[in-house]
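Results of the structural survey
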Amino acid sequence: EVDIKEPDIYIPTMGFVTYVVLYGMVRGVQEDFSPEVLSATISSTLVILILELAVMKGALFMSGAVNTSTLDLFALLGYKFLYLSLHLGLGLLWGHGAKPSGFIYSVLTLGLAVSCGVALWQALRCLARMQPAHGQECVSDMHQICIKVLPLLQACVCWFLMPSWPKTAATQEVVV
């Protein structure tokens, strides 16, 4: 029997690849692209993801959720790349190569960040493997705090993973 609520790894993987490509495009718009940008982005992002996974696994373990699957946590944390890719894509389209601005873009950015956190909170709250083991009621308060703080941590990581946008679009000089 397949549970449709179970996290999969396909969407996070495609989101990660899209994030790396769009990050490279942003660096290209800044005229600061080289092939090393892609490898540096992949390695630094994977290190951050593994550190975040270790913190989350440790926090859930201490709050009593000892049966939490590392692969499920990896998939749940990887969903942030879908939101980051949407943010980068909207930023590239909205800003025409420069730093995107405006009230509507700010609302979209806030909406993507909130939806990313809410999705993680819902998954941590609803998935049975993310809950404390039976007979460990003493840690339920800590677990409730943990599942509310971890989405905030993910929002901070998302903010850290966003590239800096150029102030103005790169201009091409025409030599006659």
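First, a word on scope: everything that follows refers to the structure included in this document. (Residues numbered from 1 in each chain as written. Predicted model: local features only at pLDDT ≥ 70, side-chain atom pairs only at ≥ 80, totals over all residues. Heavy atoms only, no water.)

Helices and strands together make up the secondary structure of the protein, namely 6 helices and 0 strands. Counting from the amino terminus, the protein carries its helices and strands in the arrangement α-α-α-α-α-α. In the protein, which comprises 176 residues, the proportion classed as buried is 39%. Split by element, the accessible area of the protein, about 10500 Å² in all, is 70% carbon and sulfur. (Helix = DSSP H or I, 4+ residues; strand = E, 2+ residues; numbered from the N terminus. Buried < 20%, exposed > 50% of the residue type's maximum accessible area, 1.4 Å probe, protein only. Areas by Shrake-Rupley, 256 points an atom, 1.4 Å probe, with all protein chains shown as cover.)

Let's shift gears to the packing of aromatic side chains. If you walk through the whole model with that rule in mind, you get 4 aromatic pairs. Where Y19 meets Y23, the ring centres are 5.9 Å apart and the plane angle is 50°; that geometry is what we call tilted. Of the two residues, Y19 and Y23 both sit in helix α1 (residues 10-29), 4 residues apart, roughly one turn of that helix. Ring geometry for Y19 versus F81: centroids 5.6 Å apart, planes at 45°, classification tilted. Placement of the pair is Y19 in helix α1 and F81 in helix α4 (residues 80-95), with a sequence separation of 62 residues. For Y19, a relative accessible area of 1% translates into the label buried. Owing to a relative accessible area of 1%, F81 belongs among the buried residues under this scheme. Here a set of aromatic residues connected by ring pairs shows up, and it is made of F16, Y19, Y23 and F81. For K80, the ring lying beneath its charged end belongs to F81, and the centroid distance is 5.6 Å. In this structure, R125 is placed above the aromatic ring of W121, and the distance from its NZ or CZ to the ring centre is 4.8 Å. (Phe/Tyr/Trp six-rings, centres within 6.5 Å; stacked < 30°, edge-to-face > 60°. Lys NZ or Arg CZ within 6 Å of the ring centre and 35° of its normal.)

This part is about a nonpolar patch on the surface. Taken together, L90, W94, F103, I104, V107 and L108 make up a surface patch of nonpolar side chains, about 570 Å² in accessible area. Among the elements of the structure, α4 and α5 (103-126) are those that each provide at least two residues to the nonpolar patch. Here the element with the most residues in the nonpolar patch is α5; it accounts for 4 residues. (Patch = residues over 30% accessible without salt bridge, like charges linked within 9 Å, V, L, I, M, F, W, Y side chains within 5 Å. Salt bridge = Lys/Arg side-chain N within 4 Å of Asp/Glu carboxyl O.)

Glancing now at the packing of α1 against helix α2 (residues 35-62). Here α1 crosses α2 at 135°, and the two axes come no closer than 10 Å. Overall, the two elements α1 and α2 adopt an arrangement that is oblique. Judged by the sense of rotation from one axis to the other, the crossing of α1 with α2 is right-handed. Taking contact as the criterion, the partners of F16, Y19, V20, Y23, G24 and R27 in α1 are, on α2, V37, L38, T41, I42, T45 and L46. A class-by-class count of the residues in the contact of α1 with α2 yields 8 nonpolar, 3 polar and 1 charged. (Axes fitted to C-alpha atoms, helices over the stretch in contact; angles between N-to-C directions. Parallel < 35°, antiparallel > 145°, perpendicular 65-115°, else oblique. Left-handed = near helix turned anticlockwise from the far one by under 90°. Contact = heavy atoms within 4.5 Å. Nonpolar A, V, L, I, M, F, W, Y, C, P; charged D, E, K, R; others polar.)

Right, let's get into α1. Over its 20 residues, α1 runs 29 Å from end to end, which matches the ideal 28 Å to within 8%, given 1.5 Å per residue. Of all the residues in α1, the buried ones are P12, G15, F16, Y19, V20, L22, Y23, G24, V26 and R27. Packing partners of the buried residues in α1 comprise α2, α3 (70-78), α4 and α6 (140-161). (Expected span 1.5 Å × (residues − 1).)

Here we come to the packing of α4 against α6. What describes two packed helices is the angle between their axes and the distance between those same axes. For the pair α4 and α6, interaxial distance at closest approach is 11 Å and the crossing angle is 40°. When the axis of α4 is compared with that of α6, the two are oblique. Handedness of the crossing formed by α4 with α6: right-handed. Contacts from K80, F81 and L84 in α4 reach Q154, V157, C158 and L161 in α6. Considering only residue class, the contact of α4 with α6 consists of 5 nonpolar, 1 polar and 1 charged.

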